[in-house]
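Listed below are the residues making up each chain.
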Amino acid sequence: MTTFLHPTDGPYNTAGGQSCMCPGQCNTTSHNPTWFRFPAWCEELELEVCYTNCVDGPACIGGADFGIQAAVYSECFGCSDDPPCLGPSWAQNAYDPPPYTFAVGCDVDVAGCVNNGCRTISMSGLEIGKIYYFLVDGCCGSACEVTIDVIGVCGNQGVDPITEITGPTDVCTGGGSVTYEAERPDGANWIWWTLDGVPIKNGKWNSANGMWSTTWTTPGTYELVLEPSNEPCIPQNEDPGPTCITIVVVDEISVSITGDNAICPGETTVLDAGLGYTEYEWSTGETTQTITVSSGGTYSVTVSDGPTCTGSDDFVVTQWNAPLGDGFFQFTRLRWRDPSLEWGRGRNL
């Protein structure tokens, strides 16, 4: 750390008449802040900042305020990606809410400004992969030798493997959209999806990137691979490696009912859904390959080859109406009476 005073590089301005570095801790201000950026690799994180060999800063020459103050913020106002948080962009009066309210962890109590000590920053609810801004500031501008360590379980772990990819592994073409997904393992901030070695999706791990949906249209055997990472914090060659599932896609079932499509009263016809299926379900409630029907109507069947595919078909049976009387047509018989072209009744020709 340097004793050079540059308080405008930190959240130093007053808000409501008070100088604040963190919510509820408005009895201190920044003097010679030093910034570090880091991506969160887990949701809960604990940092320990230890300092030794402090010297007086120009703000308190001859005083006894040694040591450091530390805080972590979720936002850096007015900064580009490369420079640290600089200048009046952190002026608290310039923003509403003021920047200090974005602190996610603080230890700035002036009672801890002593030489040779440690401060601990405990954070929770961090967003994995998001960049956070770590401020170390000298008490009254003092300069110290500083070491920063990650403590706790999260600081010692890498990326856990993906335990399971959920989704159907035996599917049928034409069956509609299916979804594959996995839960984010501890330590992962990025996800890579590949299908038969071809990247299909990658990005920051969130609810959208943690799943992949598709409609299978081509039969075949496919390998779906999902790999977590936490670059640049953990080199890719130290990641746990991929999790794979094999997906078998078969053609959809094409079923066709056969039988007579017209019957007379008192007759029946046998409707046949065909051989080779493991399950049959007719609209009549029957579950056999064939059914016998004696009335007209539309009959449907759904067949299955097991847990993978189904197919359906409809068949219309027409039933003719019964004839009138004994089945002969009745008519009035006429005969030719004489050449005068007169017609008469009652005699047979």
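Anyway, here's the lowdown on the structure attached to this text. These numbers come from a predicted model, not from an experiment. The written sequence of each chain sets the order in which its residues are numbered from 1. Local features in this predicted model are restricted to residues of pLDDT 70 or higher, and side-chain atom pairs are both shown and tallied only at a pLDDT of 80 or more, whereas totals for entire chains, interfaces and linings draw on every residue. Side-chain numbers here rest on the full set of heavy atoms in the structure, without hydrogens or water.

What to know about the overall build of the protein
Then, number 1: Each helix is a run of H or I in the DSSP string that is no shorter than four residues. Each strand is a run of E no shorter than two, and both are numbered from the N terminus. A tally of helices and strands in the protein yields 1 helix and 24 strands.
Then, number 2: Taken over 349 residues, the protein has a buried fraction of 38%.
Then, number 3: Working rule for contacts: check all heavy atoms of both residues, and any pair within 4.5 Å makes them a contact. When contacts within the protein are restricted to residue pairs at least 6 apart in sequence, long-range pairs at least 24 apart make up 67% of them.
Then, number 4: Accessible surface is estimated by sampling points in the Shrake-Rupley manner with a 1.4 Å probe; for residues, cover comes only from the protein chains shown. Just so you have it, the protein exposes about 18,900 Å², and 50% of that area is on carbon and sulfur atoms. Accessibility here uses a 1.4 Å probe with only protein chains present; expressed as a share of the type maximum, an area under 20% marks a residue as buried, one over 50% as exposed, and anything in between as partly exposed.

Regarding the sheet that holds strand S9 (residues 143-151)
Backbone-to-backbone hydrogen bonds join strands into a sheet, with any given pair of strands oriented parallel or antiparallel.
Then, number 1: For two strands to pair, DSSP has to find at least two bridges joining them. Strands sit in the order S7-S4-S9 across an open sheet of 3 strands; the sheet is antiparallel. Edge strands, defined here as strands with exactly one partner in the open sheet, are strand S7 (117-123) and S9. With direction set aside, neighbouring strand axes in the sheet form an average angle of 20 degrees. For helices, the axis comes from a line fit to the C-alpha atoms of the stretch in contact; other axes are also lines fit to C-alpha atoms, and the angle between any two N-to-C directions lies between 0 and 180 degrees.

Remarks on unusual backbone geometry
Then, number 1: For Asn53, which is not glycine, the phi torsion reads 55 degrees and is therefore positive.
Then, number 2: A positive phi angle is found at Cys140, which is not glycine, with a value near 60 degrees.
Then, number 3: Note on Cys140: relative accessible area 11%, which makes it buried.

Brief notes about the pairing of strand S20 (residues 290-293)
Then, number 1: Burial of the side chains of S20 is restricted to one face: Ile291 and Val293 are buried, whereas none of Thr290 and Thr292 on the reverse face is.
Then, number 2: Here strand S18 (residues 269-272) runs beside S20; their pairing, made up of 4 bridges, is antiparallel. Paired with Leu271 across the strands is Ile291, a residue of S20.

Things to note about the sheet that holds strand S17 (residues 262-263)
Then, number 1: Judged by pairing direction, the sheet is mixed, and its 4 strands sit side by side in the order S17-S22-S21-S19 without closing on themselves. Strand pairing shows two members of the sheet lacking a second neighbour, S17 and strand S19 (279-282), which therefore form its edges.
Then, number 2: By the bridge criterion, 8 bridges tie strand S21 (residues 297-304) to strand S22 (residues 310-319) in an arrangement that is antiparallel. Its bridge partner being in S22, Val303 is matched across the sheet by Gly311.

Section: the pairing of strand S16 (residues 243-250)
Then, number 1: Going residue by residue along S16, you find Thr243, Ile245, Ile247 and Val249 tucked away on one face and Cys244, Thr246, Val248 and Val250 left uncovered on the opposite face.
Then, number 2: Relative to S16, strand S10 (residues 170-172) runs parallel, the two sharing 3 bridges. The partner of Asp170 across the bridge, within S16, is Val248.
Then, number 3: Pairing geometry for strand S15 (residues 220-229) and S16, over 7 bridges, is antiparallel. Of the residues in S16, the one forming a bridge with Gly220 is Val249.

Here we look at the environment of Thr218
Then, number 1: Looking at the secondary structure, you find Thr218 in the loop between strand S14 (211-214) and S15.
Then, number 2: Exposure remark for Thr218: the relative accessible area of 43% places this residue in the partly exposed category.
Then, number 3: Considered as a pair, Thr218 and Thr173 are 45 residues apart in the sequence and their alpha carbons are 6.5 Å apart.
Then, number 4: The residues contacting Thr218, other than those within four sequence positions of it, are Thr173 and Val249.

Some thoughts on the state of the cysteines
One way to say it: the disulfide is the covalent bond shared by the sulfur atoms of two cysteines.
Then, number 1: Cysteine sulfur atoms are paired as a disulfide whenever they come within 2.5 Å of each other. A full pass over the atoms with the stated rule returns 5 disulfides.
Then, number 2: Here Cys22 is linked by a disulfide to Cys106, with a sulfur-sulfur distance of 1.9 Å. Classification of the bridge connecting Cys22 and Cys106 rests on its S-S torsion, roughly -95 degrees, and on that basis the disulfide is left-handed. Taken together, the positions of Cys22 in the loop between strand S2 (18-19) and strand S3 (34-39) and Cys106 in strand S6 (residues 103-107) put the pair 84 residues apart, joining distant regions of the chain.
Then, number 3: Looking at Cys106, the relative accessible area reads 23%, which means it is partly exposed.

A few points about the pattern of salt bridges
Then, number 1: Any Lys or Arg side-chain nitrogen located within 4 Å of an Asp or Glu carboxyl oxygen qualifies as a salt bridge. If you walk through the whole model with that rule in mind, you get 2 salt bridges.
Then, number 2: The closest approach of N and O atoms between Arg184 and Glu43, which form a salt bridge, is 2.6 Å. With Arg184 in the loop between strand S11 (178-181) and strand S12 (190-195) and Glu43 in the loop between S3 and strand S4 (45-55), this pair connects stretches of sequence that are 141 residues apart.
Then, number 3: Between Asp107 and Arg119 there is a salt bridge; the shortest N-O distance is 2.7 Å. Pair noted here: Asp107 is in strand S6 and Arg119 is in strand S7, with a separation of 12 residues, a long-range link.

Some thoughts on the packing of aromatic side chains
Then, number 1: Stacked, tilted and edge-to-face are the three classes applied to pairs of Phe, Tyr and Trp rings, where Trp contributes its six-membered ring and a pair requires centres within 6.5 Å; stacked means planes under 30 degrees apart, edge-to-face means over 60, and tilted covers the rest. Enumeration according to the criterion identifies 8 aromatic pairs in this entry.
Then, number 2: Centroid distance Trp212 to Trp216: 6.2 Å. Interplanar angle 85 degrees. Geometry classified as edge-to-face. Here the two residues Trp212 and Trp216 agree in accessibility, since each one is buried.
Then, number 3: Here the aromatic cluster, defined as three or more aromatic residues joined through ring pairs, consists of Tyr180, Trp212, Trp216 and Tyr222.

Regarding the nonpolar core
Then, number 1: Residues Tyr180, Trp193, Trp212, Trp216, Leu224, Leu226 and Ile247 are the most contacted members of the largest nonpolar core, which totals 20 residues.
Then, number 2: Put simply, the parts of the chain that give this core at least two residues each are S11, S12, S15 and S16.
Then, number 3: Discounting chain neighbours no more than four positions away, the residues touching Trp216 are Val171, Cys172, Thr173, Gly174, Val178, Tyr180, Leu195, Tyr222, Ile247 and Val249.
Then, number 4: Residues enter a nonpolar core if they are buried and are Ala, Val, Leu, Ile, Met, Phe, Trp, Tyr or Cys, with the set joined through side-chain atoms within 4.5 Å. Core analysis: the next-biggest nonpolar cluster, separate from the first, contains 19 residues, Tyr51, Ala70, Ile121 and Leu126 among them.

Functional significance is not addressed by these values, which are geometric in nature.
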